[in-house]
Amino acid sequence: MEILKINGQNKLSGEVTLHGAKNSALPILCAAILVKGESVIHNCPDLSDVKTTLKILEDLGCTVNRQGDTVVIHAENITASKIDENVMRTMRSSILFLGALISRTGCASIYLPGGCDIGTRPVDMHIKALKSLGAVIKENGSSITCCAEHLTGAKIILPFASVGATENIMIAAAISKGRTTIINPAREPEICDLAEFLNKCGARIYGAGESTIEIEGVESLHSCEHKIIPDRILASTYMCACAVTGGEIVINDVRPTHLSPVFPVFNEMGCRLYLDRNSLRISAPKRLRRVKMIKTMPFPAFPTDSQSPVTAALSVAKGTSVIKENIFKNRFRFVSQLNRFGADIAVDEQMAVINGVKELHGADVYATDLRGGAALVIAGLTAQGTTTIHSIEHIDRGYAKLENNLEQLGADIKRIKYEEVSEKKCIEKETAT
């Protein structure tokens, strides 16, 4: 096991470059199953969720090679259509293999996926959509078996702009028969990136990022080369790290349109933002100001994945801020850990009232989920004294070598093996006696 040790209150400065978006990489890797050829994916982040996805691809019969941030997938010979239960339960996005396997093999058998416990994320929209395309689905409570001689295009209206459901439909319908229309799809940049990858492979997808997506099914997809978009959630996390330390940093490989929903929040906090082509310079004040109200909603509104780090930043802002979480019911689970730093945050169902305090103190805390773990890192960077963060495997699901990049910006942060910590304590105890 490993932990993060942070000695806080070091002002951040310097430059950092974004890695590829986790929420874009995972569906694109799943979609590579459809390609009877070679998929060359650049800017693929080195994350635990990505490693799990690549393992699933290998288990299904794909040949996977990785060099640096480039992954090459050969999916000519898919030899299986069932995914191991233990692997499925490690991440939520494994549900995306359902649409891909049905389209490629005619059948798929998977278990209900896992991931961060941030609230109910039902797969009913995925199931209903695939049934609309002609799939026959059987559920037994823990697993799903889905078969179809062929998928046929249909008109699908989503009651909620679900990112995962939109992606599953796009993947499944890409090599279906006829036209599929998705009404009220998700509009996130990652949806557009998936569409771009599939279209490079020969798919015919129109309207990604808009209120309606049209998909003309094709017989097959061919090899392509694609670069994953930069991670906008990682960018907002770096912005929070800079903001709480009163620093000034430059974030490279930024796409301003992807970050536009978070810019007003940082402006209201008193940060100055300067855009220059593909880079963003953020300069923070000595102390942040409160933000009157933040409401998380699907893109192009404020993203739920940025909410936790921003909550941590606002914990030391002057005044009272309010955040309404409209996407995931349990997204505020990390707040109890954040309050261990001396933060003053009250949560009532899906509403958080953040009374900013002048200073946080170091704490011994546990990451409850991916973005909640990032929030604890933000708190540790601004806290007086030493912070120890446990269960950092959650953080590794979405942030590649976060501690190394923050250290390059001036943070005092180290990843330590748990065995090393235990041994050090034993030596200290023996010395004291």
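Residues numbered from 1 in each chain as written. Predicted model: local features only at pLDDT ≥ 70, side-chain atom pairs only at ≥ 80, totals over all residues. Heavy atoms only, no water.

As for the overall build of the chain
So, step 1. What the chain contains, in helices and strands, is 16 helices and 23 strands.
So, step 2. On C-alpha atoms alone, the chain measures out to a radius of gyration of 22 Å, which is about the 22 Å that the 2.2 N^0.38 rule sets for 433 residues.
So, step 3. With the C-alpha coordinates of the chain rotated into their principal frame, the extents come out at 70 × 50 × 40 Å.
So, step 4. Looking at the chain as a whole, 57% of its 433 residues are labelled buried.
So, step 5. A separation of at least 24 residues holds for 71% of the contacts in the chain among residues at least 6 apart in sequence.
So, step 6. Working note: accessible area of the chain is about 17,800 Å², and carbon and sulfur atoms make up 47% of it.
So, step 7. On the chain, the mean spot of the 49 positive side-chain charges and the mean spot of the 48 negative ones are 5 Å from each other. (Helix = DSSP H or I, 4+ residues; strand = E, 2+ residues; numbered from the N terminus. Rg over C-alpha atoms; globule rule 2.2 N^0.38 Å. Buried < 20%, exposed > 50% of the residue type's maximum accessible area, 1.4 Å probe, protein only. Contact = heavy atoms within 4.5 Å. Areas by Shrake-Rupley, 256 points an atom, 1.4 Å probe, with all protein chains shown as cover. Lys, Arg positive; Asp, Glu negative; His and termini not counted. Charge placed at Lys NZ, Arg CZ, Asp CG, Glu CD.)

Examining the side chain of Thr 70
So, step 1. Looking at the secondary structure, you find Thr 70 in strand β5 (residues 70-74).
So, step 2. Note on Thr 70: relative accessible area 18%, which makes it buried.
So, step 3. Looking at Thr 70, its side chain comes within polar contact range of the side chain of His 42, at 2.8 Å.
So, step 4. Once you skip the residues sitting within four places of it in the chain, Thr 70 turns out to touch Val 40, Ile 41, His 42 and Asn 65. (Polar contact = N/O pair within 3.5 Å; in protein donor to acceptor, adjacent residues only side chain to side chain.)

Here's the deal with the state of the cysteines
So, step 1. Within this structure, the stated rule accounts for one disulfide.
So, step 2. In this model Cys 107 forms its disulfide with Cys 147; the gap between the sulfur atoms is 2.3 Å. With Cys 107 in strand β6 (residues 107-111) and Cys 147 in strand β8 (residues 143-147), this pair connects stretches of sequence that are 40 residues apart.
So, step 3. Judged by relative accessible area, Cys 107 falls into the partly exposed class, the value being 24%. (Disulfide = S-S within 2.5 Å.)

A few points about the environment of Asp 59
So, step 1. Within the element layout of this structure, Asp 59 appears in helix α2 (residues 48-59).
So, step 2. A relative accessible area of 42% places Asp 59 in the partly exposed class.
So, step 3. In this structure the C-alpha to C-alpha distance between Asp 59 and Ile 137, which are 78 residues apart in sequence, comes to 23 Å.

Some points on the sheet that holds strand β9 (residues 155-157)
So, step 1. If you walk across this open sheet you meet the four strands as β9-β10-β12-β11, and the pairing is mixed. On the outer flanks of this sheet lie β9 and β11 (204-206), each paired with one strand and no other. Taking each pair of neighbouring strands and ignoring which way they run, the sheet shows an average axis angle of 15°.
So, step 2. Bridge analysis of β9 against strand β10 (residues 179-183) gives three bridges, and the strand direction is parallel. (Pairing = 2+ DSSP bridges. Axes fitted to C-alpha atoms, helices over the stretch in contact; angles between N-to-C directions.)

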